[in-house]
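Chain and residue survey
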Amino acid sequence: MAIIETEDLTKVYKGRVAVDGLSFSVQEGEIFGFLGPNGAGKTTTLLMLLGLTEPTRGKARVFGLDPAREPIRVKSMIAYLQENMGFYRDLDARQTLGYIAELNRLPQDLTETRIERALKSVGLDKEAEKKVGDYSRGMRQRLGIAEVLVKEPKVAFLDEPTLGLDPDTTNRIMELIESLCRDKNMTVLLSSHLLYQVQKICHRVGIMIGGRMVAQGPMAQLAADKLGVGKEQYTLEEIYMKYFQEA
């Protein structure tokens, strides 16, 4: 079942084409790696899928809904972790997550359990009373991931989820994402420049360059198509660079 779908999705800003005829889908429970250089159109695509900007033409669907026409219904089923998270600086981590739970109308009997589990999962349980304004960039990033865990959405859009994290925390977060897809059947659209992470956990990838999707599919298929090699003879970085150089 396709949870995320686009068909000829296009966005033009002041005569500049940011996204050009994009068509792809993400299946239920899948981790889809969304790759491309800065300016490729990834963020614009995410904004259209979130209902935060309207397409110039084409279609976007999340659970069969048009995000531009039914943004509230779409937002009730998704979570978005953006690259630079903003928080109320005078709240602590537990208060921040409580506020998120209230906004999403989570039942009170679930809220406390989810908050404590999320804080522990991202390693903030011992820093939960510290004001978010005193957090480092990496700690704020972990708090953003904790927001996703508290909400337990059906779909998560993750833009550079491990930015600023140390290797141990990065591995823990990647394992969390995998477990949410496996155990909760959550669907993930993952945008990251850390290609070794994408190769480790994604079922399929799409490569955007210049507003267009130049390749999509399982990494083994892309390696065979572009490099003519088998599954054990490539890295995602090699595949990506080959498409990038030829674009």
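Right, let's walk through the structure included here. All residue numbers refer to position in the chain's written sequence, counted from 1. Thresholds applied to this predicted model are a pLDDT of at least 70 for local features of residues and 80 or more for the giving and counting of side-chain atom pairs; totals over whole chains, interfaces and linings are not thresholded and use all residues. Side-chain descriptors were evaluated using all non-hydrogen atoms of the structure, hydrogens and water having been removed beforehand.

**Remarks on the packing of helix H3 (residues 93-103) against helix H5 (residues 137-151)**
- In this analysis, axes come from line fits to C-alpha atoms, helices being fitted only over the stretch in contact, and the angle between any two N-to-C directions falls in the range 0 to 180 degrees. Helix numbers and strand numbers start at the N terminus; a helix is a DSSP run of H or I with at least 4 residues, a strand a run of E with at least 2. Packing of H3 against H5 brings their axes to within 10 Å, and their N-to-C directions diverge by 40°. Relative to H5, the element H3 lies oblique. Of the two possible hands of crossing, H3 and H5 adopt the one that is right-handed. Each of Ala93, Thr96, Leu97, Ile100 and Ala101 in H3 lies in contact with H5, whose residues at this interface are Leu143, Ala146, Glu147 and Val150.
- Under the scheme applied, nonpolar residues are Ala, Val, Leu, Ile, Met, Phe, Trp, Tyr, Cys and Pro; charged residues are Asp, Glu, Lys and Arg; polar residues are all the others, including Gly. Of the residues in the contact of H3 with H5, the class split is seven nonpolar, one polar and one charged. Each angle is binned into one of four classes, with values under 35 degrees roughly parallel, values over 145 roughly antiparallel, values of 65 to 115 roughly perpendicular, and all other values oblique. For any pair of crossing helices, the crossing counts as left-handed if the nearer helix is rotated counterclockwise from the farther one by less than a right angle, and right-handed if it is rotated clockwise. Every residue pair with non-hydrogen atoms within 4.5 Å of one another is taken to be in contact.

**Let's talk about the layout of surface pockets**
- The way it works is a 1 Å grid over only the protein atoms, where trapped points that fit a 1.4 Å probe form a cavity and open points with protein on both sides within 12 Å along at least five of seven lines form a pocket, and then any residue with an atom within 4 Å of a point lines it. Grid points are joined across faces, edges and corners, and a volume is the space filled by probe spheres set on the points. Size it by volume and the largest pocket reaches roughly 780 Å³.
- Forming the walls of the largest pocket are 25 residues, and the residues nearest its centre are Lys75, Ile78, Ile100, Asn104 and Lys151.
- Elements supplying a minimum of two residues to the lining of the largest pocket: helix H2 (71-75), strand S5 (78-81), H3 and H5.
- Residue composition of the lining of the largest pocket, by class: 15 nonpolar, six polar and four charged.

**What about the environment of Glu152?**
- Tracing the sequence through the fold places Glu152 in the loop between H5 and strand S6 (155-159).
- As for Glu152 and Leu180, which are separated by 28 residues in sequence, their C-alpha atoms are 8.3 Å apart.
- In this structure, Glu152 is in contact with Arg114, Arg117 and Lys184, ignoring residues within four places of it in sequence.
- Polar contacts involving the side chain of Glu152 include one to the side chain of Arg114, which spans 3.5 Å. Each polar contact in these results corresponds to two N or O atoms within 3.5 Å; when the atoms are within protein, one needs to be able to donate a hydrogen and the other to accept it, and residues that are neighboring in sequence are counted only if both atoms are side-chain atoms.

**A short note on the packing of aromatic side chains**
- Here a Phe, Tyr or Trp ring, Trp counted by its six-membered ring, pairs with any other such ring whose centre lies within 6.5 Å, and the pair is stacked when the planes are under 30 degrees apart, edge-to-face when over 60, and tilted otherwise. Taken as a whole, this structure holds four aromatic pairs when the rule is applied.
- Measuring from ring centre to ring centre gives 5.4 Å for Phe24 and Phe32, while their planes differ by 25°; the resulting arrangement is stacked.
- To sort residues, take the accessible area from a 1.4 Å probe on protein chains only and compare it with the maximum for the residue type: under 20% means buried, over 50% means exposed, and anything in between is partly exposed. Residue class for Phe24 comes out buried when judged on its relative accessible area of 4%.
- Both rings, one in Tyr240 and one in Phe244, keep their centres 6.2 Å apart while their planes meet at 10°; by these two values the pair is stacked. You can see Tyr240 and its partner Phe244 sitting in helix H9 (residues 236-246), four residues apart, about one turn around the helix.
- A relative accessible area of 37% places Phe244 in the partly exposed class.
- Taken together, the aromatic side chains of Phe24, Phe32 and Phe34 make up a single cluster linked through ring pairs.
- As a reminder, the over-ring test applies to NZ of lysine and CZ of arginine, requiring each to be within 6 Å of the ring centre and within 35 degrees of the ring normal. Its guanidinium or amino end placed over the ring of Phe63, Lys154 lies 5.7 Å from that ring's centre, counting from NZ or CZ.

**As for empty space enclosed by the protein**
- The final tally for this structure, using the stated rule, is one cavity of 30 Å³ or more.
- In this model, the largest cavity occupies a volume close to 80 Å³.
- For the largest cavity, the full set of lining residues is Leu81, Ile145, Val148, Leu149, Ala156, Leu158, Pro161, Ile173, Leu176, Ile177, Leu180 and Met186.
- For the lining of the largest cavity, the elements supplying multiple residues, two or more each, are H5, S6 and helix H6 (167-184).
- No other element matches H6, which puts four residues into the lining of the largest cavity.
- Of the residues that constitute the lining of the largest cavity, the class distribution is 12 nonpolar, no polar and no charged.

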